[in-house]
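So the chains spell out like this:
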Amino acid sequence: MPELPEVETVRQGLIQGLQGKTIRDVLIRREGLRFPFPDDLPTVAGTTVLDIRRRAKYLLIDLDDGRVLLSHLGMSGRYTLFSSEEADAVAVPLLQTVNGGVPVSAFGSQTGYDGKHDHLEFVFTDGTRAVYTDPRRFGVIDLFPRIEEPVHALLERLGPEPFEQWSAKDLAARLQHRKTAIKIALLNQHIVVGVGNIYACEALHRSGLSPRREARTLVRKNGTPTKRLEQLVNEVKQVLDEAIAAGGSTLNDFASVDGTLGYFAHRFTVYGREDEPCLKDGCGGTVERITQSNRSTFLCPRCQR
């Protein structure tokens, strides 16, 4: 599943390719994804993209008529951008075609799956096309007035973003009485948004904290954060910043070719490294995999306490 750094990479690619452009048409090839598409989705035709923001793992596309187009990539969703020249180079008609009764797009060779999972396509007045592909269809598309954003059902209860303004003091206030494991707490979107399974494992390993440790043990009795919680907050910020930078290295490929995301895999120190040696200097431990809330957790039991 795309995590916050991957979604941020998508946002950067979309804003680079779409900001200031006007939507000419919307091609809809199924009734919806996780939820039905909004009935008024076709009415975005004629609007201009003012900005593209990110809240947690949600993309928020601001339109010039005061509405917001919300998009969540789910487990397998992605956008692919095609310039007018690339669209013109497609040999088959650009409007939807039918293969065995299944509506498909003309861009299947670039987006994959023979175009059968290109469920949504935004056509812009300059010829640019943004194709949304989602084989598992766990993504979400919604459309609402921006004034309703603070009370939107998917957004109103989200915790803080794990960047500049987020502090160990903020996290301590949310963890003070929680007996849950710290790794599970980091995945709770009401506590902090977007950390995700991969980066929670990485930050905990860097901090030397066991993912099984009770969250409340990282908070003093007076409610202030311990030094170890302060370190964890710093490591979460650092690992996400590094991952965003790594994802950004594929920005041009995403924006102009095939939407491939640049995961942070080449820098993983613990995630996915079961039975391999711990990479911390002088540790000598071996990475193990355990299961927490049906998610894989990777840790070094020697240096994480």
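First, a word on what this report is: a plain description of the structure on this page. Bear in mind that the values here come from a model prediction, so they are computed numbers and not experimental data.

**Overview of the pairing of strand S2 (residues 49-55)**
Where S2 meets strand S3 (residues 58-63), six bridges bridge the pair, whose relative direction is antiparallel. In the strand pairing of S3, Val-49 is matched with Leu-63. Connecting S2 to the next strand, S3, in antiparallel fashion are two residues, including Ala-56 with a positive phi near 55°.

**Details of unusual backbone geometry**
Of note, Tyr-113 is a non-glycine position whose phi angle comes to about 60°, a positive value. Counting through the fold element by element, Tyr-113 comes out in the loop between helix H3 (108-111) and strand S8 (118-124). Unusually for a residue other than glycine, Ser-293 sits at a positive phi of about 50°. Positionally, Ser-293 belongs in the loop between strand S11 (288-292) and strand S12 (295-299). Since its relative accessible area comes to 55%, Ser-293 is described here as exposed.

**A closer look at the sheet that holds strand S1 (residues 23-28)**
One open sheet accounts for four strands, arranged S1-S8-S9-S5; its pairing is antiparallel. Strand pairing shows two members of the sheet lacking a second neighbour, S1 and strand S5 (78-82), which therefore form its edges. Between one strand axis and the next, the sheet turns by 15° as a mean value, whatever way the strands run. Against the sheet, helix H1 (residues 4-18) engages S5, S8 and strand S9 (129-133), with an angle of about 25° to S5.

**Observations regarding the nonpolar core**
The biggest cluster of nonpolar side chains holds 31 residues, and the ones touching the most others in it are Leu-171, Leu-175, Ile-182, Tyr-199, Leu-229, Leu-232 and Val-236. Mapped by element, the contributors of at least two residues to this core are helix H4 (168-175), helix H5 (182-186), helix H6 (196-207) and helix H7 (227-248). Ranked by the residues each element gives to this core, the list is headed by H7, at eight residues. Within the second largest apolar cluster, 27 residues are counted, among which are Val-7, Val-44, Leu-59 and Leu-81.

**Here's the deal with the pairing of S9**
Counting buried residues along S9, five of its five residues qualify, which places the element largely inside the surrounding structure. Of the two faces of S9, both are covered, the one formed by Arg-129, Val-131 and Thr-133 as well as the one formed by Ala-130 and Tyr-132. Pairing between S5 and S9: five bridges, direction antiparallel. By the bridge assignment, Tyr-79 is partnered in S9 with Tyr-132. As paired strands, S8 and S9 are joined by five bridges and run antiparallel to one another. Counted as the bridge partner of Leu-120 is Tyr-132 from S9. The antiparallel hairpin formed by S8 and S9 contains four residues in its connecting segment, where Gly-127 sits at a positive phi of about 95°.

**Some remarks on the packing of aromatic side chains**
Inspection of every chain in the model, using the stated rule, returns four aromatic pairs. Seen from their ring centres, Phe-82 and Phe-107 are 4.2 Å apart, and the 20° between their planes marks the pair as stacked. Note that Phe-82 is positioned in strand S5 and Phe-107 in the loop between strand S7 (102-104) and H3, a separation of 25 residues in sequence. The class for Phe-107 is buried, based on a relative accessible area of 0%. The interplanar angle of 70° and the centroid separation of 4.9 Å between the aromatic rings of Tyr-271 and Phe-298 together place this pair among those described as edge-to-face. Within this pair, whereas Tyr-271 is found in the loop between helix H8 (251-256) and S11, its partner Phe-298 is found in strand S12, the two being separated by 27 residues in sequence. Since its relative accessible area comes to 23%, Tyr-271 is described here as partly exposed. Members of the aromatic cluster, joined through ring pairs, are Phe-268, Tyr-271 and Phe-298.

**Describing empty space enclosed by the protein**
This structure, assessed with the given rule, holds one cavity of 30 Å³ or more. If you trace the largest cavity, you find it lined by Leu-14, Leu-18, Ile-23, Val-49, Ile-61, Leu-63, Leu-69, Tyr-79, Phe-122, Phe-124 and Ala-130. Elements that contribute at least two residues to the lining of the largest cavity include exactly H1, S3 and S8. Looking at the lining of the largest cavity residue by residue, the classes come out as 11 nonpolar, no polar and no charged.

**A look at the sheet that holds S2**
An order of S2-S3-S4-S10 is seen for the four strands of this open sheet, with the pairing classed as antiparallel. Looking at the sheet topology across the chains shown, the edges are occupied by S2 and strand S10 (140-145). On average, adjacent strands in this sheet sit at an angle of 20° to one another, irrespective of strand direction. Here H1 sits on the sheet and contacts S2 and S3; the angle it forms with S2, its principal contact strand, is near 175°.

Rules behind the numbers
- Residues numbered from 1 in each chain as written.
- Predicted model: local features only at pLDDT ≥ 70, side-chain atom pairs only at ≥ 80, totals over all residues.
- Heavy atoms only, no water.
- Pairing = 2+ DSSP bridges.
- Helix = DSSP H or I, 4+ residues; strand = E, 2+ residues; numbered from the N terminus.
- Buried < 20%, exposed > 50% of the residue type's maximum accessible area, 1.4 Å probe, protein only.
- Axes fitted to C-alpha atoms, helices over the stretch in contact; angles between N-to-C directions.
- Contact = heavy atoms within 4.5 Å.
- Core = buried A, V, L, I, M, F, W, Y, C linked by side-chain atoms within 4.5 Å.
- Phe/Tyr/Trp six-rings, centres within 6.5 Å; stacked < 30°, edge-to-face > 60°.
- 1 Å grid on protein atoms, 1.4 Å probe; cavity = no way out; pocket = protein on both sides within 12 Å on 5 of 7 lines; lining within 4 Å.
- Points joined across faces, edges and corners; volume = space filled by probe spheres on them.
- Nonpolar A, V, L, I, M, F, W, Y, C, P; charged D, E, K, R; others polar.

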